[in-house]
Amino acid sequence: MRRRPVLVVNFGSQYVQLIARRVRELGVYSEIVHWDESFEVIREKDPFGVIFSGGPASVYQKGAPLPDKRIYTLGVPILGICYGLQVIVHQMGGKVERAEKQEYGRARLRVLREDPLLEGLPREFDVWMSHADKISVLPEGFTTVAVSENSPHAVVRDESGIFYGLQFHPEVVHTSFGKEILANFLFRVCRAERNWEMGDLVQEKIEEIRERVGDSSVIAALSGGVDSTVASVLVHRAVGDKLHCIFIDHGLLRLGEREEVERNLRSLGLRLRVVDAGREFLKRLKGVEDPEEKRRIIGNTFIEVFEREAVKIPGVRFLLQGTLYPDVVESAGIKGSAKIKTHHNVGGLPEKMNLELIEPFRDLFKDEVREIGRILGVPEEILKRHPFPGPGLAIRIIGEVKEEDLEILRRADHIFIEELKKNGYYDRVWQAFAVLLPIRTVGVMGDVRTYEKVIALRAVESTDGMTADWFRFPYDFLDHVVRRIVNEVKGVNRVVYDISSKPPSTIEWE
Ligand code: XMP
């Protein structure tokens, strides 16, 4: 079903997805478009309103991203945030220049006059700023609604009340009443309809899939993670046992993981085939140390094994994938970004096997997939699982992957995760795991010299995995985990805790 969206125009802000998510949380469908999207495409989407995101550029620079000016003739409200505000001011004849005093972090906003955008809010509150440019001259017909110490035009609007701008970021949690401001924009300024409700959406998706699949069969590669599990349960609701799930055990899973995943998936009623391919993967990884080479081998082997299994199922026409909206935006939106790691997925399969893709979550964020999972009765334990990379423990053993090292890593990792769960930390971190380092160090145990391996522990907070910060555990907790690992895992005599953030590091070590 087609929904009228609120469009978020991306000028390169790191918060662009957050803005779209906030709009959806308020019950209105939102979509992200790149700033140079054609006017015709935008008009065709028939939006309730448009939000210009922030961005790193300055409007007065040569080559700065500026939209086709016809967007101002759409006749729907436009809200500019930070750089987005400056775009509106610049294109409508005002002036933006470099500020002598840049403003980063918290600032006090003072409201000068009544306005629908700030209705119901106090006259003063804290907002979060991050800008180096300021508005020196407003376009004709614009007025200032609120100011901050360093921004004489922190909130502006035009006379007709159709163009609005905020110098601060309403989408971040540090801005008090940010959600209220966005809600006012949606419902008081744009008069948007509430058209984004997960219960309806699930029903719609089920019907859509049922119709599309007809009498054919669907195959899915399951990992036991949130996206592929919820996607499979959804499709199973639509087509029942015409969905065939394949779970490949590549021998790089965590302690007890295969049994756990098998139990979980079967309890959800899915028809599941488990393929034991550990030996094959390990054989191909023998002697390989380079991280990218490891990823490549695992990715290719995965496809081969999957293909081999899939041909055994008659009448397959579709391949189910748990692709999320951020993946779609990333691959379409960020041009020329450097490749950091090769992510393993079953990307090469559809063309090779002549399959059509079913991607029910292409327009959804991860939190929304979790919500759908809840509606479908998927247990919380599955919905709250930490992400686990496709190449598994292979990229957490630095250097060559050997069977005995997998054993050591599995045990250390298990202790760490067990303690996180026992002490209430599991749900507070985005991801936590152990890494096995390819070095040995000297220790002493019971008066005897040891010369053994080192484990690194990593736990990070993050909202999307794109940036991350290390988690601040109390020392006593770390102390307890380290003691347990050194005492219980044979072959390890030292444990370190990784306190690097992303950037400059990445979450995984390889
Ligand atoms: P990095 O290490 O790039 O990881 O900071 C960001 C997030 O992606 C996960 N990750 C992967 N997931 N296949 C996946 O499905 C992969 O090859 C892969 N590599 C990293 C990582 O665990 C983190 O959540």
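Residues numbered from 1 in each chain as written. Predicted model: local features only at pLDDT ≥ 70, side-chain atom pairs only at ≥ 80, totals over all residues. Heavy atoms only, no water.

With respect to the side chain of D126
Part 1 of the argument: Relative to the helices and strands, D126 resides in strand β6 (residues 124-137).
Part 2 of the argument: In terms of polar contacts, D126 uses its side chain to reach the side chain of R108, at 3.0 Å.
Part 3 of the argument: Not counting residues up to four positions away in its chain, the partners in contact with D126 are R106, A107, R108, H174, T175 and S176. (Helix = DSSP H or I, 4+ residues; strand = E, 2+ residues; numbered from the N terminus. Polar contact = N/O pair within 3.5 Å; in protein donor to acceptor, adjacent residues only side chain to side chain. Contact = heavy atoms within 4.5 Å.)

Focus: the environment of Q102
Part 1 of the argument: Along the polypeptide, Q102 turns up in strand β5 (residues 95-111).
Part 2 of the argument: In sequence terms Q102 and E368 are 266 residues apart; their C-alpha atoms lie 36 Å from each other.
Part 3 of the argument: Here Q102 is in contact with H131 and A132, once residues within four sequence places are set aside.

Re the sheet that holds strand β13 (residues 316-320)
Part 1 of the argument: What the five strands build is an open sheet, ordered β12-β11-β10-β13-β14; its pairing is parallel. Each edge of the sheet is formed by a strand with only one pairing partner; in this case those strands are β12 (272-276) and β14 (356-358). Going from strand to strand, the sheet's axes swing by 30° on average, the running direction of each strand aside.
Part 2 of the argument: Across five bridges, strand β10 (residues 217-222) lies against strand β11 (residues 243-249) in parallel orientation. Directly across from V218, in β11, lies its bridge partner L243. (Pairing = 2+ DSSP bridges. Axes fitted to C-alpha atoms, helices over the stretch in contact; angles between N-to-C directions.)

Looking at the pairing of strand β8 (residues 155-158)
Part 1 of the argument: Neither face of β8 is open: one carries V155 and R157, the other V156 and D158, and all of them are buried.
Part 2 of the argument: As judged from the four bridges shared by strand β7 (residues 142-147) and β8, these two strands associate in the antiparallel manner. Bridge pairing links F142 to D158 in β8.
Part 3 of the argument: When β8 meets strand β9 (residues 163-166), the two strands line up antiparallel, connected through three bridges. Directly across from V156, in β9, lies its bridge partner G165.
Part 4 of the argument: Counting the residues in the hairpin turn of β8 and β9 gives four residues, including G161, whose phi is positive at 75°. (Buried < 20%, exposed > 50% of the residue type's maximum accessible area, 1.4 Å probe, protein only.)

What about the pattern of salt bridges?
Part 1 of the argument: Inspection of every chain in the model, using the stated rule, returns 52 salt bridges.
Part 2 of the argument: We note a salt bridge from R266 to E262, for which the minimum N-O separation is 3.2 Å. Taken together, the residues R266 and E262, both in helix α7 (residues 257-267) and four residues apart, mark about one turn of the helix.
Part 3 of the argument: Judged by relative accessible area, R266 falls into the partly exposed class, the value being 42%.
Part 4 of the argument: Across the salt bridge formed by R396 and E508, the nearest N and O atoms sit 2.9 Å from each other. With R396 in the loop between α13 (380-383) and α14 (403-422) and E508 in the segment after β18 (492-497), this pair connects stretches of sequence that are 112 residues apart. (Salt bridge = Lys/Arg side-chain N within 4 Å of Asp/Glu carboxyl O.)

Considerations on the packing of helix α5 (residues 198-213) against helix α12 (residues 366-375)
Part 1 of the argument: The N-to-C vectors of α5 and α12 enclose an angle of 80°; their axes lie 10 Å apart at closest approach. In terms of their interaxial angle, α5 and α12 are classed as roughly perpendicular. Here M198, G199, L201 and V202 of α5 come into contact with α12, specifically with E368, E371, I372 and I375.
Part 2 of the argument: Considered class by class, the residues forming the contact of α5 with α12 number five nonpolar, one polar and two charged. (Parallel < 35°, antiparallel > 145°, perpendicular 65-115°, else oblique. Nonpolar A, V, L, I, M, F, W, Y, C, P; charged D, E, K, R; others polar.)

Examining the packing of α5 against helix α6 (residues 226-239)
Part 1 of the argument: Remark: α5 packs on α6, axes separated minimally by 8 Å, with the N-to-C direction vectors making an angle of 60°. On the basis of the axis angle, α5 is oblique to α6. When you trace α5 past α6, the crossing you get is right-handed. Of α6, the residues touching α5 (which contributes V202, K205, I206, I209, R210 and V213) are L234, V235, R237, A238 and V239.
Part 2 of the argument: Per-class residue counts for the contact of α5 with α6 are eight nonpolar, no polar and three charged. (Left-handed = near helix turned anticlockwise from the far one by under 90°.)

Quick notes on the domain arrangement of the protein
Part 1 of the argument: Once the domains are mapped, the protein shows domain 1 (6-189), domain 2 (198-383) and domain 3 (397-497).
Part 2 of the argument: A C-alpha centroid distance of 38 Å is found between domain 1 and domain 2.
Part 3 of the argument: In this assembly, nine residues from domain 1 lie in contact with 11 residues from domain 2.
Part 4 of the argument: With both chains or domains summed, domain 1 and domain 2 bury close to 850 Å², and 48% of this area falls on carbon and sulfur atoms.
Part 5 of the argument: Summed over the three residues of domain 1 that lose the most area to domain 2, namely Q17, R21 and R24, the buried surface amounts to 58% of that side. (Domains from an automatic or database assignment. Buried area = accessible area lost by both parts, 1.4 Å probe.)

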